[in-house]
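If you want the building blocks of each chain, they are given just below.
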Amino acid sequence: MDVATLGDGRFGPDPQAVYRRWDEFRAFVAAADLDSAEGVPLDEDRLGPPVPQPRQVFAVGLNHRDHADESCSEVPAEPVVFTKFPACLTGPRATVVLPPGGHVDWEVEPVAVIGREAYQMAVEEAWSRVAGLTLGQDISERITQMAATPAQFALGKSFPGFGPIGPWVVTPSEFDDPDDLTLDCRLNGEEVQKGRTRDMIFTVPELIHRLSRVTPLLPGDLVFTGTPAGVGMGRSPQRWLADGAALVGSVTGIGELRQRFVAA
Ligand code: ZN
């Protein structure tokens, strides 16, 4: 449905604007006559990111034990937090240019989208602040990431196209259990990652609780929640995305991300 048409202009065509009025938007959708409204044809190849311009993007490293192990890192006692600069966000079907000389890696992970401001949230209240979950690839260029001490997570993970998200934002109530999703990642048809979000060290509510002790999480913000084992950096020998690589990430109840990588 074209929300701008359906609502007679009550909501504009910018997806980002919906999150600032999330409760109002949910009530509007619940009351809308979707059966008799006219839909628009959907071309998934043309989809942009469902959250195009978040004010803040949080990302969490080493949030699965098996990924901490393969990274030769301790299991963290506090979330390891960094950002992906928002200019790296793209839709679910984008082509990504490989930075010359880089070691570009994959990290499939669910991404929480904030729907109501969350500041100093109790764990038990945190899901109520989430508009929904989407899927992300936290694509990472490891040479840039490791070029400084401590590591430059934010820079290494923010080249153009390094933040594909989508294809949809799915409300938490749509899942049988939003704390237990199965995700996987395939490279050129070979399964390279498989994990479950119930194995996360810090759950989505726990992350919101801890992040919001410091800063308000704002409507339309993103939280990349961390990847399971199987990234290229943790392999022996290490493995990187090459010209022509086809990467497919998927998660139960949300859908697929498909990236094609090309040399600069
Ligand atoms: Zn990550």
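Residues numbered from 1 in each chain as written. Predicted model: local features only at pLDDT ≥ 70, side-chain atom pairs only at ≥ 80, totals over all residues. Heavy atoms only, no water.

### Points about the sheet that holds strand 1 (residues 57-61)
Now for step 1: Spatial ordering of the open sheet is given by 2-1-12-6-7-9-3, a layout of seven strands whose pairing is mixed. Both outer strands of the open sheet, strand 2 (80-82) and strand 3 (89-90), are each paired with one neighbouring strand and no more.
Now for step 2: For strand 1 and strand 12 (residues 222-224), the ladder comprises three bridges, and the chain directions are parallel. Along strand 12, the bridge assignment pairs Phe58 with Val223. (Pairing = 2+ DSSP bridges. Helix = DSSP H or I, 4+ residues; strand = E, 2+ residues; numbered from the N terminus.)

### Details of the coordination of the zinc ion
Now for step 1: Within the first shell, the zinc ion binds the protein through Glu107 (OE), Glu109 (OE) and Asp138 (OD), at distances of 2.0 to 2.3 Å.
Now for step 2: Expressed as a motif, the donor residue spacing for the zinc ion is E-x1-E-x28-D.
Now for step 3: Overall, the relative accessible area of 5% leaves Glu107 in the buried class. (Donors = N, O, S within 2.8 Å, 3.2 Å for Na, K, Ca; no water. Buried < 20%, exposed > 50% of the residue type's maximum accessible area, 1.4 Å probe, protein only.)

### A word on empty space enclosed by the protein
Now for step 1: The full count for this structure, using the stated rule, is one cavity of 30 Å³ or more.
Now for step 2: Looking at the largest cavity, its volume works out to about 70 Å³.
Now for step 3: Forming the walls of the largest cavity are Pro110, Leu133, Pro178, Asp179, Leu181, Thr197, Met200, Thr203, Val204 and Thr225.
Now for step 4: Per-class residue counts for the lining of the largest cavity are six nonpolar, three polar and one charged. (1 Å grid on protein atoms, 1.4 Å probe; cavity = no way out; pocket = protein on both sides within 12 Å on 5 of 7 lines; lining within 4 Å. Points joined across faces, edges and corners; volume = space filled by probe spheres on them. Nonpolar A, V, L, I, M, F, W, Y, C, P; charged D, E, K, R; others polar.)

### Let's talk about the pairing of strand 13 (residues 246-251)
Now for step 1: Within strand 13, five of the six residues are buried, which leaves the element mostly enclosed by the surrounding structure.
Now for step 2: By the bridge criterion, five bridges tie strand 10 (residues 182-187) to strand 13 in an arrangement that is antiparallel. Bridged to Leu183 within strand 13 is Val251.
Now for step 3: Pairing analysis gives six bridges linking strand 13 to strand 14 (residues 255-263), with the strands arranged antiparallel. Directly across from Gly249, in strand 14, lies its bridge partner Leu257.
Now for step 4: Linking strand 13 to strand 14, which pair antiparallel, is a turn of three residues; within it Gly253 sits at a positive phi near 85 degrees.

### So, the sheet that holds strand 13
Now for step 1: Read across the open sheet, the five strands follow the order 4-14-13-10-11; overall the sheet is mixed. Since the sheet does not close on itself, it has two edges, and those belong to strand 4 (95-98) and strand 11 (190-196), each with one partner. Between one strand and the next, the sheet's axes are offset by a mean angle of 20 degrees, whatever the strand orientation.
Now for step 2: Sheet topology note: the strand 10/strand 11 ladder contains six bridges and is antiparallel. Bridge pairing in strand 11 places Asp184 opposite Lys194. (Axes fitted to C-alpha atoms, helices over the stretch in contact; angles between N-to-C directions.)

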